[in-house]
Amino acid sequence: MISVLSSVVLAVMALLLSGWVIFCAIQFFRFSRNMVASGDFTAHVQCEKCGTKYDVSADGFSKSFISKYKRVTRTRIEGGAFVNRPRYSSYAKKFYCPKCGKRRYAQILNVNELNGMMEKPMLRAGMRWLVYMCIGGMIILVVTAIPMHFINQAREQHVEELKEQRYEEFKERYGF
């Protein structure tokens, strides 16, 4: 009975922790998308089909999910730390082309500038959601540790009772 209860508490803890991690990841991605949509930048793009150059607002930039790219990530030392920053040689997303009248892939001409501009806000958001995830995880662990403490005490008491019972049987059997 006690081991079943212990297993149930551990399963609930595992479900809560994994659910919390997934929730924090989803919230980070939603927050990041909203941050990009509310940004004050303009992407300069060129249609791959007809070659038309046009600008896309931050809101329009965040609505397009389909992308293709070629990037190179090189590690270099900046201020005593290893830094990996991707450099895009080609980055295209699907946008509505004003000349073609359809959604077509368009090369983002200033992708490296946009990436550099959004790096610090995204890192801050990522750190914030990582802290939220750790705090929530610790709360879940503390809340589930309380019943586990009482379950462990009951288990130890049951073990002591079994030891006493065996000892009494041993004394009766051998006449001590």
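Residues numbered from 1 in each chain as written. Predicted model: local features only at pLDDT ≥ 70, side-chain atom pairs only at ≥ 80, totals over all residues. Heavy atoms only, no water.

A. Region of the structure containing the sheet that holds strand E2 (residues 53-57). Strand order in the open sheet formed by five strands is E2-E1-E5-E4-E3, with antiparallel pairing between adjacent strands. Of all the strands in the sheet, the pair left with one neighbour each is E2 and strand E3 (67-78). Neighbouring strand axes in the sheet, compared pairwise and without regard to direction, differ in orientation by 35° on average. The strands touched by helix H3 (residues 111-174) within the sheet are strand E1 (42-47), strand E4 (81-96) and strand E5 (103-108), with E4 carrying the most contacts at an inclination of about 120°. (Pairing = 2+ DSSP bridges. Helix = DSSP H or I, 4+ residues; strand = E, 2+ residues; numbered from the N terminus. Axes fitted to C-alpha atoms, helices over the stretch in contact; angles between N-to-C directions. Contact = heavy atoms within 4.5 Å.)

B. Region of interest: the packing of aromatic side chains. Summed over all chains, the structure comprises seven aromatic pairs. Seen from their ring centres, Phe-41 and Phe-61 are 5.8 Å apart, and the 80° between their planes marks the pair as edge-to-face. Of this pair, Phe-41 sits in the loop between helix H1 (2-37) and E1 while Phe-61 sits in helix H2 (residues 58-63), and the two are 20 residues apart along the sequence. Here the two residues Phe-41 and Phe-61 agree in accessibility, since each one is buried. Ring plane angle 85° and centroid distance 5.2 Å describe the contact between Tyr-88 and Tyr-91, whose orientation is recorded as edge-to-face. (Phe/Tyr/Trp six-rings, centres within 6.5 Å; stacked < 30°, edge-to-face > 60°. Buried < 20%, exposed > 50% of the residue type's maximum accessible area, 1.4 Å probe, protein only.)

C. Up close: the pattern of salt bridges. A complete count under the given rule lists five salt bridges for this structure. Lys-68 is paired through a salt bridge with Glu-48; the nearest N and O atoms lie 3.2 Å apart. Taken together, the residues Lys-68 in strand E3 and Glu-48 in the loop between E1 and E2 connect sequence positions 20 residues apart. For Lys-68, a relative accessible area of 38% puts it in the partly exposed group. A salt bridge links Glu-168 to Lys-171; the nearest nitrogen and oxygen atoms lie 3.9 Å apart. Separated by three residues within a single helix, Glu-168 and Lys-171 lie in helix H3, roughly one turn from each other. With a relative accessible area of 35%, Glu-168 lands in the partly exposed category. Lys-171 sits in the partly exposed class, given a relative accessible area of 27%. (Salt bridge = Lys/Arg side-chain N within 4 Å of Asp/Glu carboxyl O.)

D. Representation of H3 in the model. Along its length, H3 shows its largest kink, about 40°, at Glu-119, and proline Pro-121 lies within four residues downstream of that point. Elements that come into contact with the buried residues of H3 comprise H1, E1, H2, E4 and E5. Taken from the residues just after H3, Gly-175 is the one with a positive phi, measuring 75°. (Bend = angle between axes of the 7 residues up to and from the residue.)

E. Just H1, in detail. Taking 1.5 Å per residue as the helical rise, H1 with its 36 residues ought to reach 52 Å, and the 52 Å between its terminal C-alpha atoms agrees with that figure. Every buried residue of H1 is accounted for by Ser-6, Val-9, Met-13, Cys-24, Gln-27, Ser-32, Met-35 and Val-36. Among the structural elements, H2 and H3 are those in contact with the buried residues of H1. (Expected span 1.5 Å × (residues − 1).)

F. Region of interest: a nonpolar patch on the surface. A cluster of nonpolar side chains, namely Val-131, Tyr-132, Ile-135, Ile-139 and Val-143, defines an oily patch on the protein surface of about 450 Å² accessible area. For Val-131, the position within the fold is in helix H3. (Patch = residues over 30% accessible without salt bridge, like charges linked within 9 Å, V, L, I, M, F, W, Y side chains within 5 Å. Areas by Shrake-Rupley, 256 points an atom, 1.4 Å probe, with all protein chains shown as cover.)

G. Broad picture of the packing of H1 against H3. As a packed pair, H1 and H3 sit with axes 9 Å apart at the nearest point and diverge in direction by 170°. As summarised for this structure, H1 and H3 are arranged roughly antiparallel, according to the angle between their axes. A breakdown of the residues in the contact of H1 with H3 according to their chemical character gives 27 nonpolar, nine polar and two charged. (Parallel < 35°, antiparallel > 145°, perpendicular 65-115°, else oblique. Nonpolar A, V, L, I, M, F, W, Y, C, P; charged D, E, K, R; others polar.)

H. Quick look at the side chain of Thr-144. By secondary structure assignment, the location of Thr-144 is in helix H3. At a separation of 3.2 Å, a polar atom in the side chain of Thr-144 contacts the main-chain carbonyl oxygen of Leu-141. Excluding its chain neighbours within four sequence positions, the residues that come into contact with Thr-144 are Val-9 and Met-13. (Polar contact = N/O pair within 3.5 Å; in protein donor to acceptor, adjacent residues only side chain to side chain.)

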